[in-house]
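# A look at the structure
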Amino acid sequence: MTTAPSDRVWEVFRQEDEGDPMVHAGNVNAPDEELAMHYAREFYGRRGESYRLWIVARDAITELGDPDLLKPPFDRSHKKPGGYIIKHKLEAAKARAAAEAGE
Amino acid sequence: MTTAPPELDPTTRDALAELLLTLADDEFVIGFWDSEWTGIAPMLEEDVATSSIAQDEIGHARALYEMLAELTGEDADAIAYGREPEAYRHASLLDHERGDWAATVARRYLYETADAVRLAALATSGHEPLALLAAKMRREETYHLLHAEAWLRRLADSRGDAADRLADAVRRLWPDAQDVFAPLLNEETLVARGVLPTPMRALHAEWVARVRPTLEPVAGDLPQSAPRLDGRERRSDAFRWLHGELTSVARSGAGATW
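The sections below set out a description of the structure shown in this document. Values in this document were obtained by computation on a predicted structure and should not be read as measured data.

## Considerations on the packing of helix α5 (residues 128-157) of chain B against helix α6 (residues 161-177) of chain B
Packed helix pairs are specified by the crossing angle of their axes together with the interaxial distance, meaning the distance between the axes. Residue and element names in this part refer to chain B. Across the interface, α5 lies against α6 with an axial gap of 6 Å and an inter-helix angle of 120°. Taken as axis vectors, α5 and α6 run oblique relative to one another. Taking contact as the criterion, the partners of Leu 152, Leu 155 and Ala 156 in α5 are, on α6, Ala 162, Ala 163 and Leu 166. Here the residues of the contact of α5 with α6 sort into 6 nonpolar, no polar and no charged.

## Concerning empty space enclosed by the protein
All names here are of chain B. Under the defined criterion, the tally for this structure stands at 1 cavity of 30 Å³ or more. Approximately 50 Å³ is the volume found for the largest cavity. Elements with a minimum of two residues in the lining of the largest cavity: α4 (101-122) and α5. With 4 residues, the top contributor of residues to the lining of the largest cavity is α4. Residue composition of the lining of the largest cavity, grouped by class: 4 nonpolar, 3 polar and 1 charged.

## Description of the packing of aromatic side chains
All names here are of chain B. Under the defined criterion, the tally for this structure stands at 10 aromatic pairs over all chains. Residues Phe 28 and Tyr 81 carry aromatic rings whose centres are separated by 5.4 Å and whose planes lie at 75° to one another, so their mutual orientation is edge-to-face. Residue Phe 28 is located in helix α1 (residues 10-35), and its partner Tyr 81 is located in helix α3 (residues 76-81); the two are separated by 53 residues in the primary sequence. On the accessibility criterion, Tyr 81 (26% relative accessible area) is partly exposed. Three or more aromatic residues link up through ring pairs in this structure, and these residues are Phe 28, Phe 32, Tyr 65 and Tyr 81. In this structure, Arg 98 packs its charged tip against the face of Trp 37, placed 4.5 Å from the ring centre. For Arg 154, the ring lying beneath its charged end belongs to Trp 151, and the centroid distance is 5.8 Å.

## Section: a nonpolar patch on the surface
A cluster of nonpolar side chains, namely A:Leu64, A:Leu69 and A:Leu70, defines an oily patch on the protein surface of about 320 Å² accessible area. Mapped onto the elements, A:Leu64 comes out in the loop between β3 (52-57) and α2 (67-70).

## Points about the pairing of strand β1 (residues 9-15) of chain A
Remember that side chains alternate between the two faces of the sheet whenever the strand is regular. Residues and elements named next belong to chain A. In this structure, β1 lies alongside strand β2 (residues 23-29), joined through 6 bridges in antiparallel fashion. Paired with Glu 11 across the strands is Asn 27, a residue of β2. Inspection of the sheet shows β1 paired to β3 by 6 bridges, in the antiparallel sense. Bridge pairing links Arg 14 to Leu 53 in β3.

Parameters at a glance
- Residues numbered from 1 in each chain as written.
- Chains lettered and ligands numbered in written order.
- Predicted model: local features only at pLDDT ≥ 70, side-chain atom pairs only at ≥ 80, totals over all residues.
- Heavy atoms only, no water.
- Axes fitted to C-alpha atoms, helices over the stretch in contact; angles between N-to-C directions.
- Helix = DSSP H or I, 4+ residues; strand = E, 2+ residues; numbered from the N terminus.
- Parallel < 35°, antiparallel > 145°, perpendicular 65-115°, else oblique.
- Contact = heavy atoms within 4.5 Å.
- Nonpolar A, V, L, I, M, F, W, Y, C, P; charged D, E, K, R; others polar.
- 1 Å grid on protein atoms, 1.4 Å probe; cavity = no way out; pocket = protein on both sides within 12 Å on 5 of 7 lines; lining within 4 Å.
- Points joined across faces, edges and corners; volume = space filled by probe spheres on them.
- Phe/Tyr/Trp six-rings, centres within 6.5 Å; stacked < 30°, edge-to-face > 60°.
- Buried < 20%, exposed > 50% of the residue type's maximum accessible area, 1.4 Å probe, protein only.
- Lys NZ or Arg CZ within 6 Å of the ring centre and 35° of its normal.
- Patch = residues over 30% accessible without salt bridge, like charges linked within 9 Å, V, L, I, M, F, W, Y side chains within 5 Å.
- Areas by Shrake-Rupley, 256 points an atom, 1.4 Å probe, with all protein chains shown as cover.
- Salt bridge = Lys/Arg side-chain N within 4 Å of Asp/Glu carboxyl O.
- Pairing = 2+ DSSP bridges.

Remember that the coordinates give geometry; whether it matters functionally is a separate question.
Below is the structure:
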């Protein structure tokens, strides 16, 4: 009996144009790197829609999915830029600039 | 088309037309055979890959038929779909039915390697439009060849039923594969004018030297074999069936604009 091709999963990232960020495109099943490359090319590049592909074996990916580390229970708003309210300062600065320009 | 084709004397033009027809028919027919895998290839990803490669081949055929049509004042679709089976000039290798997956892999490997040798020569053709088209086709055919090689190795390395089927298919197709390099009727003219930079005989020798070291460990000793004079005129029942399929839509509305 022949065995079915293994269903190793490869995650594919694509770059639409040179310099663009690599964006996750999807994945393909393939028994090895060589066929994974061919299939990634067919699924995510055959219409000329990609400038570059990265093909990564899913089992080579280090995953971090621990909510304690990523969604800690305490307030983290001070770590976001939005944690500082600058709306009023911005309005005041605009008004000042308008006044100076009007002088 | 950006540039008018260079002026050709009638003898060269007819010889070039014959060459273009053989190239176009090869790509057209293998494209249709391989498209028979759509929906039933060994795995989903391979289904998409094989179908896409088959489409690429038909795209190459289209470009070649269009170049031919421009040369002879005919219509590309009429050339592609309007002939009787006996008027097609693909190599006898492409007259075999699709067969099983191993047969398809064996044929694709034999054809892609032969086509690679042929296109490398044509990319240096003195007839510039043909040289440019051959160079463009090579960019896609490189990938097709890698794909065929990957599968050839995969089946050969399996050492089981798949390897046996592959070996059988290679041995069965080997004699007809030579016919990709069957001599053309007016080949001397093409060589003399630099349209075909290397005679088919020399391209054949180059191809055999290239594939033998890969194929013999897979299929055992392969006989010395030469392209036949009628290697592009041996139409089979399998091809007559395929011809009925591939012309069925065109025949359903003869003369229609699609």
